[in-house]
Amino acid sequence: MSEAAAHTHGDVHDDHDHHEAPFWKQYVFSTDHKVIGIQYGFTSLLFLAFGFFLMMVMRWSIAYPDRAVPMLSDWPWFQAWLDNEGRVTGDLYNMFGAMHGTIMVFLGIVPLAFGAFGNYVTPLQIGAPDMAFPRLNMASFWCFLLGGVLMFVSFFLPSGAAKVGWTNYSPLATTTDLNFSSQFWTGQTQWLVGMVFLISSSLLGAVNFIATIINLRCRGMTWMRLPFFVWAMMVTGFLLLLAFPPLEVAAIMQLMDRLAGTSFFVPTGLNVNGIAFDAAGGGSPLLYQHLFWFLAHPEVYVLILPAIAIVSEIIPCNTRKPLWGYKSMVYAVMALGFLAFIVWAHHMYMTGMGPAVSTFFQTTTVLISVPSVILITSLLISMWGGSIRFNPPMLFATAFIPMFGIGGLTGLPLAFSLPDLHLHDTYYVIAHFHYIVAPGTIFGLFAGIYHWFPKHTGRQMNTLLGHLHFWPSLICMNGIFAPMFLQGMTGFHRRAFDGGAAYEEISTRVIAEPGTFVAGLFEKLRIVGEGQPVEMIDLNIVTSTFAWLLALAQVPFIINLFMSVYVGKKVTSDNPWDATTLEWATPTPPPHGNFLTEPVAYRGPYEYSVPGSDVDFTPQFEDDPAVVKKERSVKDKNVSADDSSKS
Amino acid sequence: MADSPEELAKHKKLYKYVGIWLIVFSCVALALGKIPFLDFGPPGATWEDIVIGLSVSCIKASLVALIFMHLNHEKGLIYKTLLFTFLFFVSLMGLTLFALADPIKESYDTLNTLKGILNFKS
Amino acid sequence: MEIPYEVSPRRDTGLFNSKLGIWLFLASEVMLFGGLFSAYVFLRVGVIEGVDTPWPWGINVHKTFVALGFINTLVLIISSVFVVFGWIALKERKWAKFQFFMYLTVACAAIFMALKTVEYRSKLTQHHDIKLLDNSVMEGKILEQTFDVPFEGTSVEFNLVGSAPGFLPDIVGDFPTFTAEWKQYEKGEDGSSEIVSKTTEIKSASEFNSWFVKARTKATADLVKERKRYRGEIAAKEKALYNQEEAVEPQAPVVDTKAKVTAAEPFDLHSRRRQVRPIVRSDSGKDSMTYIDGCTVFGKGGDDRIKFEPHYVDMQLVPVHKQKDSMVWDVLGDSHLKDAWYKNRDSAYQEMEHYYSGKDKEIPESMLRGYYINIQSLHDKAHAPSFWSQFWTEFKAGAGIGGSKSHDDHHDDDTHDHGDHAEHAADTHDDHAEEHHDDHGHAVIMVPRDQVKFLNSHGPRNGNYYAIYFTMTALHGLHVIGGALVLLYFVVFGKPLYLKNPEHLANRVEVGGLFWHFVDLIWIFLFPLMYLL
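Residues numbered from 1 in each chain as written. Chains lettered and ligands numbered in written order. Predicted model: local features only at pLDDT ≥ 70, side-chain atom pairs only at ≥ 80, totals over all residues.

## Brief notes about the overall build of chain C
Item 1. For chain C, the count of helices and strands is 14 helices and 13 strands.
Item 2. Over its C-alpha atoms chain C spans a radius of gyration of 32 Å, topping by over 25% the 24 Å that the globule rule assigns to 533 residues.
Item 3. Taking the principal axes of the C-alpha coordinates as reference, chain C spans close to 95 × 80 × 50 Å.
Item 4. Taking contacts inside chain C between residues at least 6 apart in sequence as the whole, the part at least 24 apart equals 74%. (Helix = DSSP H or I, 4+ residues; strand = E, 2+ residues; numbered from the N terminus. Rg over C-alpha atoms; globule rule 2.2 N^0.38 Å. Contact = placed C-beta atoms within 7 Å.)

Rendered as structure tokens:
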């Protein structure tokens, strides 16, 4: 009724769909959530590739610290950062390390997961014509792009990009690059400015998502009929909305420290290179860490929740079974979102926090594993006894579960302050969180791309190339990160740009005596010389090689992505996977405004293989009078309360 | 929404009074700070002054939030959102302070910190 | 395509989109300012006594300008009332009345920002702190802009890497004519490259920049070539060793990026203090000063003393038993100032004693070391000008009204007689002593730079209180500007929407108003935290 009223206001004067908007309005400054989603997707894929490139250079430095970097050593920009023999210097390693983290987290995965998939799929799944604030949506994207470009440009400044780790801890971050006359145009400052833009973009995005999900659900789409994807997006939105502002505060305060000379994070009596630092002092470096991790821990869930959400759409669809424990998953994801805010200081056990605080944070950290396990277990049980279609999206989705499991379980030792003393900042930590975000989240995102590709293009992605993408990626990912656990437990430090060669006691620890099978294998691959034992440091070469192979493994995906747009197999219906959620009710590709007729959700999101039905899926949008009637009589109260059109 | 003329007139009156009360409370806050006679505790701003000063601010803030921002009759959804926001804000402030002054850990700076908390003037 | 629930609320949630959106946005704003308030508490509580700069008392910092903060509080409250009245006028469909109230609101915002500007300017230009080596602090005013380090340069040395050398923006007056000398590789007649010295003449800043960029690019290109050659030689050596032939030792690349510019005539520099390291003086008269980016200026260092007008002395970081011999008294030189300070200190001490004896308690040590006793005026309180005259003087200075000080209206003050003070200033500027009195007859002293540990205006650098004060009020000010612009947009461009769908405009105004009230709400907490406590 109110909706009908809303229609009468606007429809008198316009009908945008009839005349074509100019190109720049349709594809560049578009307010259509789908176009913005694709924009987010492409930008973030580019940034992902760039972040990956940085990592490959770093891996070269770790594996072969005494050899010139191939191909790049003649590039003028690199000269300031290489030594005379063309080797990577510590500065370059630090810069790439910091920017790899920043780009992957803030410019790669979050925009791809939340910006691209969230934007494209959420309004479709709740049956909305667009986001609640389309222009805000556009502003959010351009804000993100501006922040990203600033970060990218900072590489080419005389100071180079930020180089004190993606965490940008003060006072190191405050005092680095201070020897430049124009403080504004240094990498450290640009990192902060870029961050402020990225955070603003995320905040606008989060407001938009939550408002859309709460207010723009179509008729019949009650809370418990929302696909799990939408629930996860809403929780992610809240995480971004409430956790990002403290980081914005931290960024602004650090910006003041650098530009206005304040000393928020500069303690009294700080000396830099033997010279007393010219500031009032009295600040607290710990304050920065608190503000930073207040965001950055929830950020971890911002990285993982969309992936879980995508996987939980794909698994029921390809096992032809309902999602097991939908309600418990919804409550679990809410609990996860809540707990994510009160675990942050487990990143700070080494800062000299007292035992009482550590105990509190250990407790909450262990508690938060409970909802995570609920989510993973539900997904696992969902596959039990299903007739599974192992197409590329499903392969990635299936692989996601054990990879995320490994990442999650190896996090448990880090949750306790005592083991953390040993493992803090070692390769163990790197392996732990990369298992979650690299084979975890990124596999989830690949699954999503394969899954929703036909919706936008009307063509399927190639299955053979999909397999060629998946299997090498899976092997390489494990080849990269599994040895890191070993190295980390030995004590390899993540910030050593020579891969730990300087620390002989650790790096020469023998893992296989000559003559054994492993040593023979290493000899054959020419990683160690003949008759030499395999030492811990030799694993660096294994890891790095797998990293470069992983880059090759992405080639089939890139080919597949671009080729399938033109020559992929055409889909025969709007619902090629026989899925049940609302996005498959739209035409292919969905027009501006999404639905041709007003969508109505008649039932829950995962009604696969309903007993008594002659097909193995019953979409949410399928009008089945019998079912509707039955539901009315059972849940009369529920339906009429939530259904806005019944007044 | 209460849109009838009588209701609106009533609202106008309410807003006027609230505005006057806000001004009165501002004057009270200023007087508490500036007039020596109204200075609670030892001279200067001590924790007594901080508690009293901030409670006056809280009264003013709740007037603005409840009346001007209509939080006295808002939808449940907004209360829920604000409740969570408030919880997280409290956890941010509370837990960072907790980390600053760990009751078990004894060290030079923590003792000083505790002193700072007990006696706000530092 | 039409987004539903833009105007009328959705039934089950009871909200229209923008209202939901603004509340979500305000939730994030609560966390934003919440983070800042947390930082405030964390920093204030975390002050280590006797080490860090103590947290000042807002009233001590702002003095008469507490009144300005108070007026701003009233202005914001009144503007909040105007916003709700405007919204009600819109509900009653009275466009003219709505317009009236909205313009009033925007006017309030303008007043708020104007007063804020006066306050900022006053702090940044009229108040300075000088911390001496023994941690005693003089509050007052630096006369003339001697923040900068004066230097008379003749030549500059720097490297052809990074950005242009830092001394460029500090040149005062006309750009001098420089002769630049540097080295680069050039192809000889036989095809081999060799290092050649080059010179050129530079007449303006833009010429300098273009020369610098060109020379730097060439130096980088030389480096690339040289390194390539070097790597080739290394490879050749390895190959030779492998074949057991005679190996040629590789020659490491030599690229000289040093450059030097010499001025035809000495030029004046006013170097920014944060950009330079202390002047290295030599007896031969050739002083040098190095910028933080590594460029070194040679020439003659200027007079590096600060002309200062002290008003208060802050002894919080000096132990009580050392206060009598503090170096601040030597620097001040005037025994009258010391007497006045101790007189004021004693009255504050008695006040404290009176309070604690009423409670049968000793004065706690922290109180003895605190600001109430240890920050005192160098002025006899009995002769202090009235609140409003002081406020007005400060206000005029902050607003930049009236220009230079008038010397006619001296308040003749008994605490300092001119002779006494002239004697002190005599060693520097003998005849100007008469000038060196401000309206209230403060003394003027010359502070030797080598006794100064830290000096600053009352800007954000001056300690954590000032830092958080400027950060929070500036962020709040940006919110005021943003909110006012939005409201202004509604009233200026809202007429067509009003005619089409007044309810839609009322919704927008309600949402804008919510934001405005939130800004008011933040100020309600900022005012006591920053000005009173």
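Continuing now.
## Digging into the overall build of chain A
Item 1. The helix and strand inventory of chain A stands at 22 helices and four strands.
Item 2. Here chain A has a C-alpha radius of gyration of 26 Å; the compact-globule value for 647 residues is 26 Å, and the two agree.
Item 3. For chain A, the spread of C-alpha atoms along the principal axes amounts to about 75 × 60 × 55 Å.
Item 4. Within chain A, contacts between residues separated by at least 24 positions form 78% of all contacts whose residues are at least 6 apart in sequence.

## Observations regarding unusual backbone geometry
All names here are of chain A.
Item 1. In the segment running from Ser170 into Pro171, the intervening peptide bond is cis, with an omega of 0°.
Item 2. As for its position among the elements, Pro171 is in the loop between helix 5 (134-153) and helix 6 (172-175).
Item 3. Here the bond from Thr588 into Pro589 is cis, since omega is -15°, no more than 30 degrees from zero.
Item 4. With respect to the helices and strands, the residue Pro589 is situated in the loop between helix 20 (555-567) and helix 21 (625-634).
Item 5. Look at Asp177: it is not a glycine, yet its phi comes out positive at around 65°.
Item 6. One can find Asp177 in the loop between helix 6 and helix 7 (187-215).
Item 7. Given 20 C-beta atoms within 10 Å, Asp177 falls into the buried group.
Item 8. The residue Asp578 is not glycine, and still its phi comes out positive at about 55°.
Item 9. Considering the arrangement of structural elements, one finds Asp578 in the loop between helix 20 and helix 21. (Buried ≥ 20, exposed ≤ 12 C-beta atoms within 10 Å, placed from the backbone.)

## Quick notes on the packing of helix 10 (residues 326-339) of chain A against helix 11 (residues 355-383) of chain A
Residues and elements named next belong to chain A.
Item 1. Two elements in contact, helix 10 and helix 11, have axes separated by 9 Å at closest approach and are oriented at 155°. Considering their axes alone, helix 10 and helix 11 lie roughly antiparallel with respect to each other. Crossing handedness for the pair helix 10 and helix 11: left-handed. On the side of helix 10, the interface is formed by Ser328, Met329, Ala332, Val333, Ala335, Leu336 and Leu339, while helix 11 contributes Thr364, Leu367, Ile368, Pro371, Ser372, Ile374, Leu375 and Ser378. (Axes fitted to C-alpha atoms, helices over the stretch in contact; angles between N-to-C directions. Parallel < 35°, antiparallel > 145°, perpendicular 65-115°, else oblique. Left-handed = near helix turned anticlockwise from the far one by under 90°.)

## Examining the interface of chain B and chain C
Item 1. Taken together, the contact pairs 50 residues of chain B with 53 residues of chain C.
Item 2. For the side of chain B that touches chain C, the secondary-structure elements that each account for two or more residues are helix 1 (5-34), helix 2 (47-68), helix 3 (76-100) and helix 4 (108-118) of chain B.
Item 3. The element best represented in the side of chain B that touches chain C is helix 1 of chain B, accounting for 13 residues.
Item 4. Tallied by class, the residues present in the side of chain B that touches chain C amount to 27 nonpolar, 15 polar and eight charged. (Nonpolar A, V, L, I, M, F, W, Y, C, P; charged D, E, K, R; others polar.)

## Quick look at the interface of chain A and chain C
Item 1. Facing 65 residues of chain A, the contacting portion of chain C comprises 62 residues.
Item 2. Of all the secondary-structure elements, those providing two or more residues to the side of chain A that touches chain C are helix 1 (2-10), helix 7, helix 8 (228-259), helix 9 (285-319) and helix 22 (636-642) of chain A.
Item 3. For the side of chain A that touches chain C, the element with the most residues is helix 8 of chain A, which contributes nine residues.
Item 4. Considering only residue class, the side of chain A that touches chain C consists of 32 nonpolar, 24 polar and nine charged.

## Looking at helix 3 (residues 33-63) of chain A
Item 1. With 31 residues, helix 3 of chain A ought to run about 45 Å at 1.5 Å a step, and its terminal C-alpha atoms sit 44 Å apart, in line with that.
Item 2. Taking burial as the measure, the 31 residues of helix 3 of chain A include 22 buried ones, the bulk of the element. (Expected span 1.5 Å × (residues − 1).)

## Some remarks on the nonpolar core
Item 1. Ranked by internal contacts, the top residues of the largest apolar core, which has 327 residues, are Ile210(A), Ala232(A), Leu241(A), Val311(A), Phe396(A), Phe400(A) and Ala447(A).
Item 2. Apart from residues no more than four positions distant in its own chain, Ile210(A) is found in contact with Met234(A), Gly237(A), Phe238(A), Leu241(A) and Leu24(C).
Item 3. With 25 residues, the next largest nonpolar core counts Val149(C), Trp211(C), Val255(C) and Val261(C) among its residues. (Core = buried A, V, L, I, M, F, W, Y, C linked by C-beta atoms within 7 Å.)

## Comments concerning the packing of helix 9 of chain A against helix 12 (residues 392-409) of chain A
Residues and elements named next belong to chain A.
Item 1. In contact at an axis separation of 9 Å, helix 9 and helix 12 are set at 125° when each is read in the N-to-C sense. Classified by the angle their axes make, helix 9 and helix 12 are oblique. Crossing of helix 9 over helix 12 shows left-handed handedness. Contacts from Ala307, Val311, Ile314, Ile315 and Asn318 of helix 9 reach helix 12 at Pro393, Met394, Ala397 and Phe400.
Item 2. Each residue belonging to the contact of helix 9 with helix 12 can be placed in one class, and the counts come to eight nonpolar, one polar and no charged.

## Thoughts on the pairing of strand 3 (residues 149-159) of chain C
All names here are of chain C.
Item 1. Judged from the 10 bridges that link them, strand 3 and strand 7 (residues 258-271) form a sheet pairing that is antiparallel. Residue pairing in the sheet places Asn159 in a bridge with Lys258 of strand 7.
Item 2. Of the pairings in the sheet, the one linking strand 3 to strand 9 (residues 296-301) comprises six bridges and is antiparallel in character. Residue pairing for strand 9: Phe151 is matched across the bridge by Gly301. (Pairing = 2+ DSSP bridges.)

## Here's the deal with the confidence of the model for chain C
Item 1. Averaged over every residue, the pLDDT of chain C is 86; residues scoring 70 or more account for 92%.
Item 2. Prediction confidence for the complex, expressed as pTM and ipTM, is 0.90 and 0.92 respectively. (pLDDT = per-residue confidence, 0-100.)

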